[in-house]
Amino acid sequence: MEINGYEIEEFNVHGIKAGATSWTCPLCSAGRTYNPKQKCMSVFWDTGLGKCNHCSETVQLHTYKKKTLHVVYKRPVFVPLNKPYSDKFSTYLTDTRKISKIALESLKIREAKEWMPQTSKEENCIAFDYFLDGVLINTKFRDGKKNFKLVKDAEKILYNIDSIKNSKYVIFVEGEMDVLSWVTAGKTSCVSVPNGFPKSGKVNMDYIDNYIHLFDHLDWIYIGVDNDDAGRNGKEELIRRFGISKVKIINYNGLKDANEVLIKADTETLISCFNSAKEIQIQGVYTAEMVFPEILDRYRNGQKRGSTTYFPQIDKAWTWREGEVTIWTGYQNEGKTLMFLQLALIRAIKEGIPVAVFSPENMPLVDFFNDLIESIIGKSADPFYQHNYMSETELRFAVELITKYFYLIYPDEDFKIETIFEKTEFLVKKHGIRTLLIDPYNTVEHLMKGGEREDLYISRFMSKLKKFAVDKDVSVHLIAHQNTPKHNDKDEGRYFKPSANNIKGGGTFADKADNVVIVWRHNRGITWSDPEVTFESQKIKKQKLVGVPNLIDNLFFDIKTNRYYINNFTPFVEIDELLENTLGIKPKEKYQELPEPNINVLDLAVRNRIELKPNDEIPF
């Protein structure tokens, strides 16, 4: 049986019912969890094809026998070297082109008179004979004006193809003169394509098709084609044919080809081009050599360590480090976000490190920023609490700080992770953002593939976070809630301690994160207003640089000041002193009848902060 002139080798390879016009798709049906038995593929027996209406792929119903065409090629007449070269011929090759006599003899270069169609007359030519297994297969004639022709009806093969038989490498070039140049330099395993490459479009390499098996034993394919558009086009096709893994690229350092290197330099320079040939950089694959300057810098100046939270106890358990993804987990409304923002706020003010936050749950905007304002000042921004009400001067001062260091992302178009990344990348470029919070996971607009398992999607999502963290050198943080315990699943009325493996969505979050920390109000199930808080790092990937999994005791949240304390200490003490010194307030007169701050207030505060030397002991 034949279809469109092709003889069928195996009929109906997918076992479709004879005559059926629709069938399940052999490409996608088996992998679908929803209705895998649906006949989603239209079957066309007349063309031997099926078209799936689900995955849109075309399916071949049969296999076909390869068409074979027996071609009888013409063989040129072998002409032996029986006379010396003319002076003009010899001078051109040895003096002008710098080709050695040994190379000319080994490749049987001939001087010949040949009728050339380009000039319509007989011309003095260089004759390049193409041999295969010692048998003459074709001859190329080239005149003094660089016109050339091959023998009509002779087979096209690679020039000097016999040279690869006993070699472990081959150099691919684009002309016979380049082969002669490499042989002159001592690299005899070199072949040339018979008729160059086109500047654009498909490269036809039928001269390789029947002899591709001759290259199987080679360890390396060196590509040293011309440094022009045609050469680059041919190089891409050679790479596609032989594969990236065994290809090296020769760089002629700004010169066009091997012969130009030989003419303008010498054989040693050409050999150095061979020795310095580079393996192809596979996109997304790296070696230590590629990042050696950074390796050397870290060796000399120290590794990239996590930076302080300004709580010495927390530093033992976890510190800030760019390029990492940290999961913050715990039960609802137990302070995960507030704890993160508190630490980010302290770091921003003390080190000038700005933060991007995607937190739709903390809308409207005023509520989000008010929490930060109250933490900075340690008082309420609500006149309802007159006994603890901050002054407008204090409010303005806090707003200036927050404006400088906090950027809230709330996209108009959608909440996709790609949109969040796009906004953050802008902030990285514009404001030097070093920290990103996504709060929480379930507010992101997730795009799962059809039939995709949730754990596989989470794995893909976490991989995106990690790649963004590394590529942009930011510290990425994700709030992820715990599974809420059942009513009777409690410890004497308390929820059990949150676990990295009990995050809603499964343990994949913990598996793919660099760090996992929990925030837990362990007495809240018994006494709602109990201020005691537990902070614990349950996973730290790089413990030598970031911290060691640890539980922090004696941590409390003071609702009046909107601040966290450990053993009655908070780093905001120093910020209070900075605020007082900046505004010139005596302790007893704190924030009473103060003048409106001008634009230099924040600059002065930042200047005072910068004057603290990195190794100085912080006056807690």
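Definitions and cut-offs
Residues numbered from 1 in each chain as written. Predicted model: local features only at pLDDT ≥ 70, side-chain atom pairs only at ≥ 80, totals over all residues. Heavy atoms only, no water. Helix = DSSP H or I, 4+ residues; strand = E, 2+ residues; numbered from the N terminus. Rg over C-alpha atoms; globule rule 2.2 N^0.38 Å. Buried < 20%, exposed > 50% of the residue type's maximum accessible area, 1.4 Å probe, protein only. Contact = heavy atoms within 4.5 Å. Pairing = 2+ DSSP bridges. Patch = residues over 30% accessible without salt bridge, like charges linked within 9 Å, V, L, I, M, F, W, Y side chains within 5 Å. Areas by Shrake-Rupley, 256 points an atom, 1.4 Å probe, with all protein chains shown as cover. Salt bridge = Lys/Arg side-chain N within 4 Å of Asp/Glu carboxyl O. Disulfide = S-S within 2.5 Å. Polar contact = N/O pair within 3.5 Å; in protein donor to acceptor, adjacent residues only side chain to side chain. Axes fitted to C-alpha atoms, helices over the stretch in contact; angles between N-to-C directions. Left-handed = near helix turned anticlockwise from the far one by under 90°. Nonpolar A, V, L, I, M, F, W, Y, C, P; charged D, E, K, R; others polar.

Caption draft 1: How the structure looks around the overall build of the protein. The helix and strand inventory of the protein stands at 18 helices and 25 strands. Expected size for 620 residues packed as a compact globule is a radius of gyration near 25 Å; at 37 Å, the protein overshoots this value by more than 25%. With 620 residues in all, the protein has 46% of them scored as buried. Taking the contacts inside the protein whose residues are at least 6 apart along the sequence as the reference set, 63% of them involve residues at least 24 apart.

Caption draft 2: Region of interest: the sheet that holds strand E2 (residues 6-10). One open sheet accounts for three strands, arranged E1-E2-E7; its pairing is antiparallel. Edge positions in the sheet fall to strand E1 (2-3) and strand E7 (63-64), since each of these pairs with one other strand and no more.

Caption draft 3: Spatial organisation of unusual backbone geometry. The linkage connecting methionine 363 with the following residue, proline 364, adopts the cis geometry, with an omega of 5 degrees. In this fold, proline 364 is placed in the loop between strand E18 (355-358) and helix H11 (365-377). Of the consecutive residues aspartate 439 and proline 440, the connecting peptide bond is found in the cis state with omega at -15 degrees. For proline 440, the position within the fold is in the loop between strand E20 (435-438) and helix H14 (454-472).

Caption draft 4: Quick peek at a nonpolar patch on the surface. On the surface, Met290, Val291, Phe292 and Ile295 cluster together into a nonpolar patch covering about 340 Å² of accessible area. Mapped onto the fold, methionine 290 is located in the loop between strand E16 (278-279) and helix H8 (292-301). On the accessibility criterion, methionine 290 (41% relative accessible area) is partly exposed.

Caption draft 5: Main features of the pattern of salt bridges. On inspection of all chains with the given rule, the structure shows 31 salt bridges. For glutamate 425, the salt bridge identified is with lysine 472, shortest N-O distance 3.0 Å. Placement of glutamate 425 in helix H13 (residues 417-431) and of lysine 472 in helix H14 is noted, with a sequence separation of 47 residues between them. Under the relative-accessibility criterion, glutamate 425 is labelled partly exposed at 27%. Relative accessible area serves as the criterion here: at 29%, lysine 472 is assigned to the partly exposed category. A salt bridge links arginine 453 to aspartate 455, with the shortest nitrogen-to-oxygen separation between them at 3.0 Å. Among the ionic contacts, a cluster of salt bridges with common partners joins Lys304, Glu322, Arg347, Arg434 and Asp473.

Caption draft 6: Just the state of the cysteines, in detail. Evaluated as defined, the whole model comprises zero disulfides. With no disulfide of its own, cysteine 28 lies 3.8 Å from the sulfur of cysteine 52, the closest cysteine sulfur. With a relative accessible area of 12%, cysteine 28 lands in the buried category. Overall, cysteine 52 belongs to the buried group, its relative accessible area being 1%.

Caption draft 7: Highlighting the side chain of glutamate 536. Here glutamate 536 shows up in strand E23 (residues 532-540). Among the polar contacts listed, one links the side chain of glutamate 536 to the side chain of lysine 497, at a separation of 3.2 Å. Here the side chain of glutamate 536 touches glutamine 538 through a polar contact of 3.2 Å, side chain to side chain.

Caption draft 8: Spatial organisation of the side chain of serine 29. Looking at the element boundaries, serine 29 is found in the loop between strand E3 (22-23) and strand E4 (41-44). A distance of 2.8 Å separates the side chain of serine 29 from the backbone nitrogen of cysteine 25, its partner in a polar contact. With sequence-adjacent residues up to four places away left out, serine 29 is seen in contact with Thr24, Pro36, Gln38 and Cys40.

Caption draft 9: Looking closely at the packing of helix H10 (residues 336-351) against H11. Where H10 meets H11, the closest approach of the two axes is 11 Å, and the angle between their N-to-C directions is 65 degrees. Between H10 and H11 lies a crossing whose hand is right-handed. Two secondary-structure elements touch here, H10 through Leu341, Gln342, Leu345 and Ile349 and H11 through Phe368, Leu372, Ser375 and Ile376. Classifying every residue of the contact of H10 with H11 by side-chain character gives six nonpolar, two polar and no charged.

Caption draft 10: Here's a closer look at the pairing of E4. On E4, burial follows the alternation: Met41 and Val43 on one face are buried, whereas Ser42 and Phe44 on the facing-out side are not. Summarising the sheet, E3 and E4 pair through two bridges and their orientation is antiparallel. Its bridge partner being in E4, tryptophan 23 is matched across the sheet by methionine 41. The sheet contact formed by E4 and strand E5 (residues 49-52) spans four bridges and is antiparallel. Among the inter-strand pairings, serine 42 is bridged to a residue of E5, identified as lysine 51. Counting the residues in the hairpin turn of E4 and E5 gives four residues, including glycine 48, whose phi is positive at 75 degrees.

Caption draft 11: Seen up close, the sheet that holds strand E13 (residues 190-192). With mixed pairing, the five strands of this open sheet are ordered in space as E13-E12-E14-E15-E16. Since the sheet does not close on itself, it has two edges, and those belong to E13 and E16, each with one partner. Bridging between strand E14 (residues 220-223) and strand E15 (residues 247-249) involves three bridges; their strand directions are parallel. Bridge assignment links isoleucine 221 to a residue of E15, and that residue is valine 247. Across the face of the sheet, helix H3 (residues 176-184) comes into contact with strand E12 (169-173) and E13 while running at roughly 170 degrees to E13.

Any functional reading would require information beyond the geometric quantities listed.
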